[in-house]
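# Working through the structure, step by step
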Amino acid sequence: MKAAMAAFFELPLMEKKKFAMGANDLEGYGQAYVVSEEQKLDWCDLVALKTLPLEQRNLNFWPLNLPGFKEAVEEYSIEVQKVAEEINANLSILMGMERDGLKRYQGELKQLMRMNYYPPCSSPDLVVGVSPHSDGGSLTVLLQDDDIIGLQIKHKGEWIPVKPIPNALVVNIGDAIEIMSNGVYKSIEHRAITNEKKARISAAAFAYVDDELEIGPLDSMVDDPHRPPMYKKIKYIYYIRQVLARKMDGKAHTDLVKIQT
Ligand SMILES: O=C(O)CCC(=O)C(=O)O
Ligand SMILES: [Fe+2]
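The sections below set out a description of the structure shown in this document. Source: prediction; values computed, not measured.

Rules behind the numbers
Residues numbered from 1 in each chain as written. Chains lettered and ligands numbered in written order. Predicted model: local features only at pLDDT ≥ 70, side-chain atom pairs only at ≥ 80, totals over all residues. Heavy atoms only, no water. Helix = DSSP H or I, 4+ residues; strand = E, 2+ residues; numbered from the N terminus. Rg over C-alpha atoms; globule rule 2.2 N^0.38 Å. Buried < 20%, exposed > 50% of the residue type's maximum accessible area, 1.4 Å probe, protein only. Contact = heavy atoms within 4.5 Å. Lys, Arg positive; Asp, Glu negative; His and termini not counted. Charge placed at Lys NZ, Arg CZ, Asp CG, Glu CD. Pairing = 2+ DSSP bridges. Axes fitted to C-alpha atoms, helices over the stretch in contact; angles between N-to-C directions. Near = heavy atom within 4 Å. Polar contact = N/O pair within 3.5 Å; in protein donor to acceptor, adjacent residues only side chain to side chain. Areas by Shrake-Rupley, 256 points an atom, 1.4 Å probe, with all protein chains shown as cover. Nonpolar A, V, L, I, M, F, W, Y, C, P; charged D, E, K, R; others polar. Arc of directions from axis to C-beta. Donors = N, O, S within 2.8 Å, 3.2 Å for Na, K, Ca; no water.

## What to know about the overall build of the protein
Helices and strands together make up the secondary structure of the protein, namely 7 helices and 14 strands. Whereas a compact globule of 261 residues would reach a radius of gyration of roughly 18 Å, the protein reaches 18 Å, a difference of no more than 12%. The buried share of the protein, taken over its 261 residues, is 48%. Once local pairs closer than 6 in sequence are excluded, the contacts in the protein between residues at least 24 apart make up 73%. Placing the 31 positive and 37 negative side-chain charges of the protein at their respective mean positions leaves the two points 2 Å apart.

## Some words on the pairing of strand β9 (residues 158-161)
With 4 bridges connecting them, strand β8 (residues 151-155) and β9 associate as antiparallel partners. Bridge pairing in β9 places Q152 opposite P161. Between β8 and the antiparallel strand that follows it, β9, lie 2 residues; K156 among them carries a positive phi value of about 50°.

## A few points about the sheet that holds strand β12 (residues 200-208)
Ordered by their spatial adjacency, 6 strands build an open sheet running β1-β3-β4-β12-β7-β10, and the pairing between neighbours is antiparallel. Sheet topology places β1 (28-31) and β10 (170-173) at the edges, where each strand pairs with a single neighbour. Within the sheet, the average angular offset between the axes of one strand and its neighbour, ignoring direction, is 20°. In terms of strand pairing, strand β7 (residues 139-144) meets β10 through 4 bridges, oriented antiparallel. Note on β10: the bridge partner recorded for L139 is I173. Along the sheet face, helix α1 (residues 2-10) touches β1, β3 (45-52), β4 (110-118), β7 and β12 and points at about 110° away from the line of β12.

## Observations regarding the site of ligand 1
Around ligand 1, 13 residues are found, and the nearest of them are Y118, H133, H190, R200 and S202. Between ligand 1 and Y118, the relevant distance is 2.6 Å, taken from an oxygen atom to a side-chain nitrogen or oxygen of the residue. Residue H190 places a side-chain N or O atom 3.0 Å away from an oxygen atom belonging to ligand 1. Coverage of ligand 1 by the protein chains reaches 98% of its 290 Å² of free accessible surface. Counting only elements with at least two residues in the shell around ligand 1, the list comes to β4, β11 (190-192) and β12. Examining the composition of the shell around ligand 1, we find that 4 residues originate from one element, β12, more than from any other. When the residues that make up the shell around ligand 1 are grouped by side-chain class, the tally is 6 nonpolar, 4 polar and 3 charged.

## Section: the side chain of Q152
By the secondary structure assignment, Q152 is in strand β8. Q152 sits in the buried class, given a relative accessible area of 10%. Within polar-contact distance, the side chain of Q152 engages the side chain of R191 at 2.7 Å. The residues touching Q152, leaving out its near neighbours within four places in the chain, are W159, I160, P161, V162, E189, H190, R191 and I193.

## Concerning the environment of A205
As for its position among the elements, A205 is in strand β12. Each C-alpha atom, one on A205 and one on V222, is 29 Å from the other, the two residues being 17 residues apart in sequence. When near neighbours in sequence (up to four residues on either side) are disregarded, A205 contacts V80, Q111, L112, M113, L139, T140 and V141.

## Some thoughts on helix α6 (residues 236-245)
Every buried residue of α6 is accounted for by Y236, I237, Y239, I240 and V243. One face of α6 carries all of its buried residues, which in axial projection span an arc of 160°. Away from its buried face, by an angle of more than 90 degrees, α6 presents the exposed residues R241 and A245. Residues of α6 that are buried sit in contact with α5 (175-180), β12, β13 (214-215), β14 (234-235) and α7 (252-257).

## Structural notes on the coordination of the iron ion (ligand 2)
Every protein donor of the iron ion (ligand 2) is accounted for by H133 (NE2), D135 (OD) and H190 (NE2), and the metal-donor separations fall at 2.1 to 2.2 Å. The exposure class assigned to H133 is buried, which follows from its relative accessible area of 12%.

Below you can see the structure in the form of structure tokens.
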């Protein structure tokens, strides 16, 4: 998977542009957005592909003439989905349900694979690889370089590096699980920084629910009046549209659906 991603980003720009993301597309090759004049520039190339279920793949965005790419992404996406499903099963138990509790509620999870390429940057203070945000879906499973630190999480107001553990994956809770868990499992604010000398590649597999599903705190996580619902119910499509429309601004999106007390 790492070799396949590296081979893609090494393609000449003209080749990569054949898979260019349209203005309102989630899929394809592009650059991370520049949010505002005041904000540091995002320093990152990316290609995003809908990987699962198989019928939602749009092979027009896939570099099919790159040897081994499709096979690697296909195999990796299936394996990483099993990891996401196993974590969901365990989270279900932690949330007071049977192992299949979240699966029953969420249905079969879909997957978008976002592959990021952060070129080396001689002025790392002036750019940020990916601006601070939380992931909108249920879970994100991240594959990162074993020897280059780039990912940071916000903890008690400070940016803490997530040091790579060789051959390990990083799992982020997304906003949808925060909402379903009624705030017990919080989505994490994170960003990626660039490196002065070395390029870094990562693959974020976002597992998310069907657009039409209404997400809200699960019954097992609500205990009125001791633990009332803390989030409004919202159809996932409306939630994710808000996230995408407002670009990236820390954890502001979950605040939008919080019930004010
Ligand atoms: O490259 C990373 O470590 C993080 C990427 C990320 O947060 C994302 O693609 O949502
Ligand atoms: Fe992210």
